[in-house]
Amino acid sequence: MKLQPSWLRPLGTAIAASAMLFGMTAVQADYPSKPIELVAPYGPGGASDLAARTLASVAPQYIGQPVLVVNRTGGGGVVGSNFVHNARKDGYTLLMARVGSEAVGPALNPTIPYKYNDFTYLGLLELNPYVFVVKADSPYKTFGDLVKAIKAHPGKLSYSTSGPGTILNMGPQMLFDILGLPTNAATMVPYKGGGGAATALLGGHVDFLGVNLATVLSNVQAGKLRALAVTTPQRYEGLPKVPTVRELGYPKLETIIGWSALYGPPNLPKNVVHKWTTALKKIAKDKTWNGLETKLGSVPYIRSPEQTSTFVDNQFNSYHALGKKLGLIVH
Amino acid sequence: MLETIQAGFAMFLTVHNVVAIFGGLVVGVVVGAIPGMTGTMGVALALPFTFYMPPITSILLLVGIYKGAIYGGSIPAIVIKTPGTPAAACTVLDGYPMARKGQAGKALQMALYAGCTADLVSNIALIFFAGFIASFALRFGPAEYFTLITFSLTIIAGVCGASLTRGLVSAGFGLLAATIGLDLVYGSSRLAFGSADLMGGLNFIPLLIGLFALPEIINEYTRRQSGHVATKVDRSSVTWGEYRASLKSILRGSLIGVVLGAIPGIGAAPASFMSYSEAKRNSKNGDRFGEGELEGVAAAEAGANGVTGATLIPLMSLGVPGDVITAVILGAFMIHGLTPGPTLFQKHITEIYALFWGILFSSALLLLTGKVAIRAFARLGEVPNSILFPIVIVLCFYGAYAVNSSMFDVGVMVGMGVLGYFMLKFDIPPAPFLIAFILGPMFEDNLRRSLLLSKGSFGIFFSSAICWFFIALTVLSVYLVVRRNMRERTNRRRALADAAKAK
């Protein structure tokens, strides 16, 4: 065995020491210095997963580190959300917050282990327009026809959802509430996921459906399904003939809309929040990101942490009030 | 028409596309072969890369991963009794006994040939009958699903092994495990004891690994060491005659796969089990199923791979994903402006033909990829247990953790492993547990959906021809099982009486 020349040893020590020093300062000052884990609380292919993967594909240019999407599924988004809620407050574990797991879920189920606002808001990202649809050969030509039929024959019509605590159920329920009808004014038939609910309508097994537009857009454009109303503030670009709920006189229904936002664990350091808000401002102007969002049927809607907070408060309060009124709150 | 087909071919035939589908298949086979890595994970990880590729290239890459993974799942199922995918659990039944006999290579080859044949049948169904099959699938309402699932439950009798009672006990445990979590209709939690993890229900992959792989290992280590008995390695290949002998089961399995694949939400696992039990019932080697019968491997893999082309039918023609993996592929379609659904065939017919060419091509490439993979993996069966088993244990823990990065899942796997060990000791087969676990929730959900729609009237289950068809099949299937059991019992009694007389 050959011995190392003695002059190499101090040099090695110096390199090691400076590396340690450099490493330490990097951790403290320069966020991010390693890849960031972005938790999607629902499975691959869902709205939260796609939102996370589109963000992750452009974010590295603006944030300077790779963003890795990890699906932590289970309990209607509760498992993944709770994981981020309890994660280290260093900005390396973030959450793709969704309307289901961060607003409807906590509003209807106080036993969920986190509070809806016990996170650091980094920014709202997108809205997913929500539509009321019927089959093309259905006798209901307009939203008014559908409302009239529900009123005339309480309990006779049926609608498909992806479970009781989802916006697919909240839409029709809020409509019944506005109309002064009981919760069973139409029969709720739950399916696994929005796709299953849409298939049930396509097959003519239920009468109507309130759902994310992206799920049914192709079938609406092909004339297999008829959209009666959208809940976006303005008419949706791809469906210029479909009226908004505000035009139809149901502005309260605007609350029913899908959204994704970027959250971190509570009390994130200021530099982390600053880094992300600056990056999101730039991403809002990024052509690739905007293009991907539009193609997925979403509306790009990047907002500051303060605006996000107001928006989320409003969401939580409406769902909580509706849940209380309808006796949907879990004890 | 002919011109668009030609234009599609020209669009498909680029170096990028061929490399994409070949690369996808290779990645898929590797991902499918590692326990705990699923095709879904592979497709989801590859999705962001496809954002910057041309549409056809990116979809072919994802479809390649999907198909590769379904086949790849059979490799660890045969060699180390650790199914990489739920569908491969059925391949374990005959594949692992074959590996124990030193015929791992042969089992892997049969799995590949059956898989490629079924894949081709499924692709042809997609290309020629997509519209017809899609409109048929739409007629499946909750009541039709319910009768189909009821019939599917009778396949439990086909994988019970020696004792029907023990099989039913196993199925009962499976149903019980499936009830854990939130119920679909009211969202009330069942057997969750306030734990957020349990509210999500038990995860598939950890349960699968725990139930099949761990018991074998625990059994090996708790047994008195009798010295290592080397299995004689049989390097013979599947002959044309053997393939021909299984061809009927392979084709039947492919068709079962096509039908179950086209109906959204059923998936590859029920298809492989149904194909297996139908093959067992009809084959003249039926009695030897479960002891390392080549035809059993063929039937299981044919059912699983028959699904792969057909799941694209509801996706492309209705815009509805049948399972999680096609949901991710749906995302890829949309990102490239090819929104699946009825308009897809009107607006993008050239692209569709290009895709079809690529998908057809994939069956041949799968054969090639599989052959290379077999060479690498078949030798694993020759590794002595003292080296192999520790590696498998590490893979089990890694696999259970990797699916959801959750220690809870590792706990589920260990718990299932202990349960599986006792089931092994008491000779209770694990396959009925798994089938009940998969079908149980579908059975319950569709029963409740039907009764919600009919306002509690059971008449809904007799309201359509499809319902009557599956009810008739169920009755027939139960009758055949009962008759076979009665016959076996009288035969046994007669044999005993004869033996007594001879004394």
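A. Examining the pattern of salt bridges more closely. Counted by the stated rule, this structure contains 17 salt bridges over all chains. The salt bridge involving Glu254(A) is made with Arg246(A); its shortest N-O contact spans 2.8 Å. Residues joined by salt bridges that share partners form a network here, namely Asp183(B), Arg190(B), Glu444(B) and Arg448(B).

B. Molecular detail of the packing of helix H12 (residues 240–262) of chain B against helix H14 (residues 294–310) of chain B. All names here are of chain B. Two elements in contact, H12 and H14, have axes separated by 6 Å at closest approach and are oriented at 35°. Of the two possible hands of crossing, H12 and H14 adopt the one that is right-handed. Contacts between H12 and H14 pair Glu242, Ala245, Ser246, Ser249, Ile250, Gly253, Ser254, Gly257, Val258, Gly261 and Ala262 from the former with Leu294, Glu295, Ala298, Ala299, Ala302, Gly303, Gly306, Val307 and Ala310 from the latter.

C. Focus on the domain arrangement of chain A. Residues and elements named next belong to chain A. If you check the domain split of chain A, you get domain 1 (34–128 + 257–326) and domain 2 (130–255). The distance between the C-alpha centroids of domain 1 and domain 2 comes to 26 Å. Each side of the interface is counted separately: domain 1 has 16 residues, and domain 2 has 16 residues. Summed over both sides, the interface of domain 1 with domain 2 buries roughly 1,500 Å², with 68% coming from carbon and sulfur. Looking only at domain 1, the three residues that lose the most surface to domain 2 are Ile257, Leu322 and Leu326, adding up to 36% of its buried area. Our count for the domain 1 to domain 2 interface comes out at 1 salt bridge. Its salt-bridge partner being Asp177, residue Lys325 comes within 3.4 Å of it at the nearest N-O pair. At the boundary of domain 1 and domain 2, one finds 5 residue pairs in polar contact (both at pLDDT 80 or more). Looking at the side of domain 1 that touches domain 2, the elements with two or more residues in it are helix H4 (99–108) and helix H11 (305–326). Broken down by element, the side of domain 1 that touches domain 2 gets its largest block of residues, 6 residues, from H11. Here the side of domain 1 that touches domain 2 is composed, by residue class, of 8 nonpolar, 6 polar and 2 charged.

D. The arrangement of the sheet that holds strand E4 (residues 120–128) of chain A in detail. Residue and element names in this part refer to chain A. Strand order in this open sheet of 6 strands is E2-E1-E3-E10-E4-E11, and the pairing throughout is mixed. Single-partner strands in this sheet number two, and they are strand E2 (67–71) and strand E11 (299–303). Neighbour to neighbour, the strand axes of the sheet diverge by 25° on average, direction disregarded. Inspection of the sheet shows strand E3 (residues 93–98) paired to strand E10 (residues 258–264) by 4 bridges, in the antiparallel sense. Bridging from a neighbouring strand, Leu95 pairs with Tyr263 of E10. This element, helix H10 (residues 287–295), spans E4 and E11 of the sheet and lies at about 130° to E11.

What counts, and at which threshold
- Residues numbered from 1 in each chain as written.
- Chains lettered and ligands numbered in written order.
- Predicted model: local features only at pLDDT ≥ 70, side-chain atom pairs only at ≥ 80, totals over all residues.
- Heavy atoms only, no water.
- Salt bridge = Lys/Arg side-chain N within 4 Å of Asp/Glu carboxyl O.
- Axes fitted to C-alpha atoms, helices over the stretch in contact; angles between N-to-C directions.
- Helix = DSSP H or I, 4+ residues; strand = E, 2+ residues; numbered from the N terminus.
- Left-handed = near helix turned anticlockwise from the far one by under 90°.
- Contact = heavy atoms within 4.5 Å.
- Domains from an automatic or database assignment.
- Buried area = accessible area lost by both parts, 1.4 Å probe.
- Polar contact = N/O pair within 3.5 Å; in protein donor to acceptor, adjacent residues only side chain to side chain.
- Nonpolar A, V, L, I, M, F, W, Y, C, P; charged D, E, K, R; others polar.
- Pairing = 2+ DSSP bridges.

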